[in-house]
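# A structural walkthrough
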Amino acid sequence: MNAAEVVQGPVITEKGTLVNELGNQVVFRVHPRANKVEIRHAVEMLFKVKVEKVRTSARHGAWGVTSVGGRTGRRPT
């Protein structure tokens, strides 16, 4: 994967903005199959910065029940 495929874009949320202001951290959405080494190299190449640490979190889709018919289903990851 090239750097543009690994880093898919920033995550603009209240928590992401807070950690950026307080701790000089940035939150990105990355490819699900990318590992920490690939993420580190991609961010360093795209933004010309030195990455100290990479922390990842995998979010899975939630189970839910629809209002029509009561069918259960899962939201996308």
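Structure: see above.
The structure displayed is predicted, hence computed values, not measured ones. (Residues numbered from 1 in each chain as written. Predicted model: local features only at pLDDT ≥ 70, side-chain atom pairs only at ≥ 80, totals over all residues. Heavy atoms only, no water.)

## Brief notes about the nonpolar core
By size, the foremost hydrophobic cluster in this structure holds nine residues: Ala 3, Val 6, Val 7, Ala 34, Ile 39, Ala 42, Val 43, Val 51 and Val 54. Secondary structure elements with two or more residues in this core: helix H1 (3-6) and helix H3 (36-47). For this core, the element with the most residues is H3, which contributes three residues. Those residues in contact with Ile 39 that lie beyond four places of it in its chain are Val 6, Val 30, Ala 34, Val 54 and Thr 56. (Core = buried A, V, L, I, M, F, W, Y, C linked by side-chain atoms within 4.5 Å. Buried < 20%, exposed > 50% of the residue type's maximum accessible area, 1.4 Å probe, protein only. Helix = DSSP H or I, 4+ residues; strand = E, 2+ residues; numbered from the N terminus. Contact = heavy atoms within 4.5 Å.)

## Comments concerning H3
Taking 1.5 Å as the rise per residue, H3 with 12 residues should run 16 Å; its terminal C-alpha atoms sit 16 Å apart, in good agreement. Regarding H3, the residues found buried are Ile 39, Ala 42 and Val 43. Summarising the axial view, the buried residues of H3 lie within an arc of 95 degrees, below the 170-degree limit, and thus occupy one face. Projecting away from the buried face of H3 at angles above 90 degrees are the exposed residues Val 37 and Met 45. Residues of H3 that are buried make contact with H1, strand S1 (7-10) and strand S2 (28-30). (Expected span 1.5 Å × (residues − 1). Arc of directions from axis to C-beta.)

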